[in-house]
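Secondary and tertiary structure notes
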Amino acid sequence: MTLPGAPLLAGLLLSIVVMSGTLALAAFFPVESFPAISVACRLNNLSADNCQTMALEVGIYSAITYAAVLAAMLWRGWASVPGRPTTTDAKATPLQYLFISGALGLFLVHLALIEFGPIHVSRLNQSEYYSTIISLENLLLPVLLQLYVASKSNCPTRLPLLVALLLGMSLSPYRSMLMALVLFGFALPFLLSAWEAWRLRSHERRWKGITHEAFVLAVICATVVFAGIQDTKTRSPTLLGKSLGVTSLPPENPLPPEAKRSKVLAPHTGPNIEQEPAAKKTESESVAPPPNYFIGRVSQRIVFPLYQSAIAVHLADTEIELPTLTDQVLRKLRLSERPNLEEFLFRRIYGGHGHGQTTSLAFGEASVYFPGPPIIWMLAVPLILILCWRLLARRGFDCGTLFGFALWRSSFSGLFPIMPSLTIQIVGLWVLHRFPLDPLARLARVCLATTLIGSLAMTGYVAIAQISGHRDFLYAGFELKAGCWIQSPSWIPYAVSSVGAENSLPMKPVLAKQHRTAVTLALPYGTAAIPMLNDIAGAVASMSRCKDKLNGRADKTDVNILYHHLVPRVPNPLNILILVILIMIGFRTWQRKYGREEGHQ
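Just so it is clear, the model here is predicted, and its values are computed rather than measured.

The rules behind these values
Chains are numbered independently. Their residues run from 1 in the order of the written sequence. At least 70 in pLDDT is required for a residue's local features to be given in this predicted model, at least 80 for side-chain atom pairs to be given and counted, and no such filter applies to totals for whole chains, interfaces and linings, which use all residues. Hydrogens and water are ignored here; the side-chain numbers use all heavy atoms of the structure. Every helix listed is a DSSP run of H or I at least four residues long, and every strand listed is a run of E at least two residues long, numbered separately from the N terminus. We define a nonpolar core as any set of buried Ala, Val, Leu, Ile, Met, Phe, Trp, Tyr and Cys residues linked to one another through side-chain atoms lying within 4.5 Å. Burial classes: relative accessible area under 20% of the type maximum marks a residue as buried, over 50% as exposed, and values in between as partly exposed (1.4 Å probe, protein chains only). Should any heavy atoms of two residues lie within 4.5 Å, those residues are counted as being in contact. By convention in these notes, a salt bridge is any Lys or Arg side-chain nitrogen within 4 Å of a carboxyl oxygen on Asp or Glu. Fitting a line to C-alpha atoms yields each axis, with helices limited to the stretch in contact; the angle taken between N-to-C directions then spans 0 to 180 degrees. Here is the rule for angles: anything less than 35 degrees is roughly parallel, anything more than 145 is roughly antiparallel, 65 through 115 is roughly perpendicular, and the remaining ranges are oblique. Helix crossings fall into two classes, left-handed where the near helix is turned counterclockwise from the far one by less than a right angle and right-handed where it is turned clockwise. Under the scheme applied here, ten amino acids are nonpolar (Ala, Val, Leu, Ile, Met, Phe, Trp, Tyr, Cys and Pro), four are charged (Asp, Glu, Lys and Arg), and all others, including Gly, are polar. In plain terms, two cysteine sulfur atoms within 2.5 Å form what is called a disulfide here. Two strands pair under a simple rule: DSSP has to find at least two bridges between them. Residue-level confidence of the predictor, termed pLDDT, takes values from 0 up to 100. Centre distance within 6.5 Å is the pairing criterion for rings of Phe, Tyr and Trp, where only the six-membered ring of Trp is used; planes under 30 degrees apart are then read as stacked, over 60 as edge-to-face, and the remainder as tilted. Either the NZ atom of lysine or the CZ atom of arginine qualifies as a charge over a ring when it sits within 6 Å of the ring centre and within 35 degrees of the ring normal.

Our focus in this paragraph is the environment of Ser488. Structurally, Ser488 is set in the loop between β3 (484–486) and α22 (492–502). Taking the C-alpha atoms as reference points, Ser488 and Arg545, 57 residues apart in sequence, are found 9.4 Å from one another.

Our next topic: the nonpolar core. For soluble globular proteins, the rule of thumb is that nonpolar side chains tend to be buried together. Ranked by internal contacts, the top residues of the largest apolar core, which has 132 residues, are Leu144 and Tyr307. Excluding residues within four positions of it along the chain, Leu144 makes contact with Phe99, Ala103, Phe107, Leu161, Ala164 and Leu165. Formed by 32 residues, the second largest nonpolar core is a distinct cluster that contains Phe478, Ile486, Val496 and Val559.

A negative phi angle is the norm for most residues apart from glycine, just as the trans form is the norm for most peptide bonds. Positive phi, normally seen in glycine, also occurs at Asn45, with a value near 60°. Among the secondary structure elements, Asn45 is positioned in the loop between α2 (35–43) and α3 (48–76). Of the residues examined, Asn45 reaches a relative accessible area of 66% and is grouped as exposed.

Evaluated as defined, the whole model comprises 4 salt bridges. Residue Asp231 pairs with Arg123 through a salt bridge whose shortest N-O separation is 2.7 Å. With a gap of 108 residues between them, Asp231 in helix α9 (residues 204–234) and Arg123 in helix α5 (residues 123–129) connect regions that are remote in the sequence. Using a relative accessible area of 17% as the deciding quantity, one classes Arg123 as buried. Between Asp535 and Lys556 there is a salt bridge; the shortest N-O distance is 3.5 Å. Pair noted here: Asp535 is in helix α23 (residues 533–542) and Lys556 is in the loop between β7 (544–546) and β8 (559–567), with a separation of 21 residues, a long-range link. Taking relative accessible area as the criterion, Asp535 reaches 32% and is therefore assigned partly exposed.

Here we take up the packing of helix α7 (residues 158–171) against helix α21 (residues 441–467). Following both chains from N to C, one finds α7 and α21 inclined at 40°, their axes separated by 12 Å at the closest point. With respect to their mutual orientation, α7 and α21 come out oblique. The hand of the α7/α21 crossing is left-handed. Residues Pro160, Val163 and Leu167 of α7 lie in contact with α21, whose contacting residues are Leu448, Leu452, Ser455 and Thr459. Grouping the constituent residues of the contact of α7 with α21 by class yields 5 nonpolar, 2 polar and no charged.

What follows concerns the state of the cysteines. Applying the stated criterion across every chain yields a total of 2 disulfides. Residue pairing for Cys41: its cysteine sulfur links by disulfide to Cys51, the two sulfurs lying 2.0 Å apart. Here the disulfide of Cys41 and Cys51 is left-handed, its torsion about the S-S bond being about -60°. Taken as a pair, Cys41 in helix α2 and Cys51 in helix α3 lie far apart in primary sequence, 10 residues in all. Judged on exposure class, the residue Cys41 and its partner Cys51 are both buried. When the bonded cysteines of the protein are numbered from the N-terminus onward, they pair as 1-2, 3-4. You can see Cys399 has no disulfide; the closest cysteine sulfur is in Cys388, sitting 9.6 Å from it.

Turning next to the sheet that holds strand β5 (residues 510–515). Read across the open sheet, the 4 strands follow the order β5-β6-β2-β8; overall the sheet is antiparallel. At either margin of the open sheet sits one strand with a lone partner, and together these are β5 and β8. For this sheet the average axis-to-axis angle between neighbouring strands, irrespective of direction, equals 15°. With 5 bridges connecting them, β5 and strand β6 (residues 518–523) associate as antiparallel partners.

Another point: the confidence of the model for the protein. Per-residue confidence for the protein averages 83 on the pLDDT scale, and 88% of its residues sit at or above 70. This model gives residues 264–291 a pLDDT under 50, and the stretch forms 54 contacts once residues within four places in sequence are excluded.

Moving on, we come to the packing of aromatic side chains. The tally for this structure, following the rule as stated, stands at 13 aromatic pairs. Judged by centre distance (4.9 Å) and plane angle (85°), the rings of Phe28 and Phe29 are edge-to-face. Taking relative accessible area as the criterion, Phe28 reaches 64% and is therefore assigned exposed. The ring centre of Tyr148 lies 4.3 Å from the NZ or CZ of Arg158, which sits over that ring.

The following block contains the structure:
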């Protein structure tokens, strides 16, 4: 890479662009335009005007801070360091082979758990269910990205690294992670190569290589954008059903006096488990979404971090006990059960006791932990990261992509949430280059070949399952007869999960819409779930009561099936792209082997 500090410049520039765009949205649209944000502000005793004013202040400070750091970096020439990094070459060590194999193995385990375990209708619930694996993947992806960017075009691990990156991207629930991986791994190297070719007036062969890189970038960008759009549309089956009009319910039947006096029933069998996030978010999801579903969802998601930071600032000025810095570090290392600031904010915004996280931005972190003006801490965070990178780069350690990625993340989370993972990644990258383990070269190649074959088989199976409609949504409505009412609505998904397990279709359904006498459920498996609807009606009845029953409990005959609507899901294009690349790797390997055999003859 011609400019070692280019990823850091890109990280700062990306932070400025995103913060400026977020600030523009927050200034242009009132907080009432975003239902979930309005609810979050009210839950934390913030009026709409105060919430928006504080969010705008956060956005202005954030954009100015990173613009100032970028200007200082360009003015002082911090993006250049004397000497050339020594960790970038065309040769991969056996330990790197083993690392890529281990990363692919983790991704395959995650993929297998998703495909062969309970099918989650909600991507949000699925992310919480596999949160530990996702945390490990988030730790590995920046290291894989650094190795991919540092590898030469003739490096034997370049295509396997690409497969690992794309597989990790297909599993990541974070759309900002996808955007950052594309920017740092593909867009930035292409722009630097194109600039170098133009500056040197390079010959035709060089421009041919640039054309090839442009084609690869275009394919990956198109694939990731399409995958991101589909993920946004289907992430919440509740809002998807509302936008498609497939969750309508008849008016609530008149309730008998017993329904108003009765207590919530415990489930007939099964452990006392927590409610799913979908049940926790009933209040925010009960607000009608914007008229344009997709644009409204994306706009709300983009602007939400400013309001989350504003809520953190507001809480810091109250007497509420907030997580300490020790909690921040220990929780990131999975050494404590106490929530960190991001988890604490999630619970304050959405309620419950789950492990979801929301970003607080550097401004929120400064307001909570720094005793002085927030702007000082906000300037110190990127400068600390730039200083650490320069110290390592002067010693020939190529880790610019890691630090560029960290700069981008710090604009959303601050310094302390990223420091444990960044430290582990730097140490891991140093070990990969410092200890080649040459005696294990043959074993390392066998491991990599095995995981690549496993990736081909698993992604092929996933593509077939998606094309066959195995992951389609099925929305089914149920209504109780007059004189009956639902007593324990939040337990209905668990009762339906038991029905799915009995029919060898493990699932995690979601309540898409409900009132006291009717519900709409979002189910996986598409048409394969239709034969279970009568049994699912029995599950709804098991959480309901009727005034005319001797024991007070409803049965299957008291529940009517109103409708069922099939909503097809488009296959993930990233899986198709991974399959194509794996087939290319197999074909190239066969070509090399066939060529060597002909040469010996």
